[in-house]
Amino acid sequence: MALKFGVSLPQGWTMDLAGIKDPVEAYETMTRVAQTADETGFDSVWLVDHFHTIPRPSQEVTFECWTSTAALARDTKRVRIGQMVTCNGYRNPAILAKMASTVDVLSHGRLNFGIGAGWYEHEYRAYGYEYPDAPERLRMLREAVQVIKNMWTQEEAVFEGKYYQVRGAINQPKGVQKPHIPLLIGGGGEKVTLKLVAQYGDACNVGGDIATIKHKFDVIKDHCANVGRDYESIHRTTTTFCSLAETDAAALAQVPDFVKNQFGDRINNALIGSPATIRQRLAEYEEAGVQELIIGFLDRTNLNSIRNFAQEFIS
């Protein structure tokens, strides 16, 4: 298995685009990161679906995810474009499926569709959305992924659920990719989310340290066995962040304190260190069953970080 690499774009993490006061220049900065990933051999680029910065709200620039996805479809040539992940609670799933179908055409079939149940209560309430409890958000996600797949596969989509109803919706064009756009479900809940992956997902994204990731994949494998699904048909991804330097000490010194505090022990599994250390860490991810690693570079607008990683590990 050859490990694939994606880039998490500077778009919503606190201070990603800090100091760039002109919003046009901020957008072009984000675009240059995607284009550099495209040119240097990365497999994918990913946007978060947030309306303002995370984990703390601020006045810093944060571009809306799906309009940015559409623009990047035209600003790049080869790289796949995805969301890590679309918040189901922010858009009706039928219109979201229509949006995705359109973007798949705009990108000539390069869209990855990522979706999750949503989690950021402050953002929900700030924008006037109700914030159901976690079990209800998961029940809504279960219905939503069925609606989306129906919109992508049925001539006149029909779905009658508690939360969503679709009655003869026509979605043309349905996109370029066959049999449909790949659907990634993000999250690690073992009883519901990972079962949804086995039932409906073409890809998954789980987090945690190496041991946790391996365990989550084993849970998906068990769910697949129970529903009669081929486990190997599910594309397995996780996220991490990267600080590459000549020595491990120099790489660790580049990691901001707020990142160390935010990630705690997970920092021990990140791509932090010399090329030799990172190469060993990549082998551990691959051994755990990861097929694509989505990387947030700590200095996300520094194009040399992307180029250096690509030269060392992709070229």
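Residues numbered from 1 in each chain as written. Predicted model: local features only at pLDDT ≥ 70, side-chain atom pairs only at ≥ 80, totals over all residues. Heavy atoms only, no water.

### Considerations on the overall build of the protein
Stated formally: Strands here mean DSSP runs of E at least two residues long; helices mean DSSP runs of H or I at least four residues long; both are numbered from the N terminus. In this description the radius of gyration comes from C-alpha coordinates, and the expected globular size is given by 2.2 Å times residues to the power 0.38. Per-residue accessibility, obtained with a 1.4 Å probe over protein chains only, is compared with the maximum for each type, and a residue is labelled buried under 20%, exposed over 50%, and partly exposed between these values.
When helices and strands are counted, the protein shows eleven helices and twelve strands. A globule of 315 residues ought to have a C-alpha radius of gyration of about 20 Å, and the protein, at 19 Å, matches this closely. Seen through its C-alpha atoms, the protein measures out along the principal axes to roughly 60 × 45 × 35 Å. Within the protein, the fraction of its 315 residues that count as buried is 55%.

### Regarding the UniProt feature "domain: Luciferase-like" (unreviewed entry) in the protein
Threshold: UniProt positions are given in the numbering used here, feature names are shortened, and annotations may be inferred rather than shown by experiment.
In the UniProt entry, the feature "domain: Luciferase-like" (unreviewed entry) is given for residues 18-290. Between the end C-alpha atoms of residues 18-290 the distance is 32 Å, and the span holds 45% helix and 16% strand.

### Side note on the pairing of strand β1 (residues 4-8)
This is how the line gets drawn: Pairing between strands is defined by DSSP: at least two bridges between the two strands are required.
Across the five residues that make up β1, a large majority, four, are buried. Here three bridges tie β1 to strand β2 (residues 44-47), and the two strands are oriented parallel to one another. Directly across from Val7, in β2, lies its bridge partner Val45.

### Concerning the environment of Pro179
You can see Pro179 is positioned in the loop between β7 (165-169) and β8 (183-186). When the C-alpha positions of Pro179 and Thr153 are compared, they lie 7.8 Å apart, and in sequence the two are 26 residues distant.

### Digging into the layout of surface pockets
To be explicit about the condition: Lining residues are defined by having an atom within 4 Å of a point belonging to a cavity or pocket. Those points lie on a 1 Å grid over the protein atoms alone, cavities being sets where a 1.4 Å probe fits but cannot get out and pockets being open sets with protein on both sides within 12 Å along at least five of seven lines. Grid points are joined across faces, edges and corners, and a volume is the space filled by probe spheres set on the points. Throughout this entry, Asp, Glu, Lys and Arg are counted as charged residues, while Ala, Val, Leu, Ile, Met, Phe, Trp, Tyr, Cys and Pro are counted as nonpolar. The remaining residues, Gly among them, count as polar.
As a volume, the second largest pocket reaches approximately 290 Å³. If you trace the second largest pocket, you find 18 residues lining it, with Arg80, Asn112, Pro182, Ala203 and His235 closest to the centre. Elements supplying a minimum of two residues to the lining of the second largest pocket: β2 and β10 (235-244). Considering only residue class, the lining of the second largest pocket consists of six nonpolar, six polar and six charged.

### Section: unusual backbone geometry
Residues Ile54 and Pro55 are joined by a peptide bond in cis, for which omega reads 0 degrees. Within the secondary structure layout, Pro55 lies in the loop between β2 and α2 (65-75). Between Met84 and the following residue, Val85, the backbone shows a cis peptide bond with an omega angle of -15 degrees. Turning to its location among the elements, Val85 is positioned in the loop between β3 (80-83) and β4 (86-87).

### Section: helix α3 (residues 93-106)
Our working rule: Helix span, as expected, comes to 1.5 Å for every residue beyond the first. Here a residue-residue contact requires only that any non-hydrogen atoms of the pair lie within 4.5 Å. Any pair of N or O atoms that falls within 3.5 Å is considered a polar contact. Within protein, one atom must be able to donate a hydrogen and the other to accept it, and sequence-neighbouring residues count only if both atoms are side-chain atoms.
End to end, α3 covers 20 Å across 14 residues, agreeing with the expected 20 Å (1.5 Å per residue, within 8%). Within α3 the residues assigned to the buried category are Pro93, Ala94, Leu96, Ala97, Ala100, Ser101, Val103 and Asp104. On its buried face, α3 sits against α2, β4, β5 (113-116), α5 (134-153) and β7. A side-chain oxygen of the first residue of α3 lies 2.8 Å from the backbone nitrogen of Ala94; this N-cap is Asn92. Just beyond α3, the residue with positive phi is His108, at close to 60 degrees.

### Quick look at the state of the cysteines
Worth spelling out the cut-off: For this text, the term disulfide refers to a pair of cysteine sulfurs within 2.5 Å.
Under the defined criterion, the tally for this structure stands at zero disulfides. Unpaired in terms of disulfides, Cys65 finds its nearest cysteine sulfur in Cys87, a separation of 11 Å. With no disulfide of its own, Cys224 lies 9.0 Å from the sulfur of Cys204, the closest cysteine sulfur.

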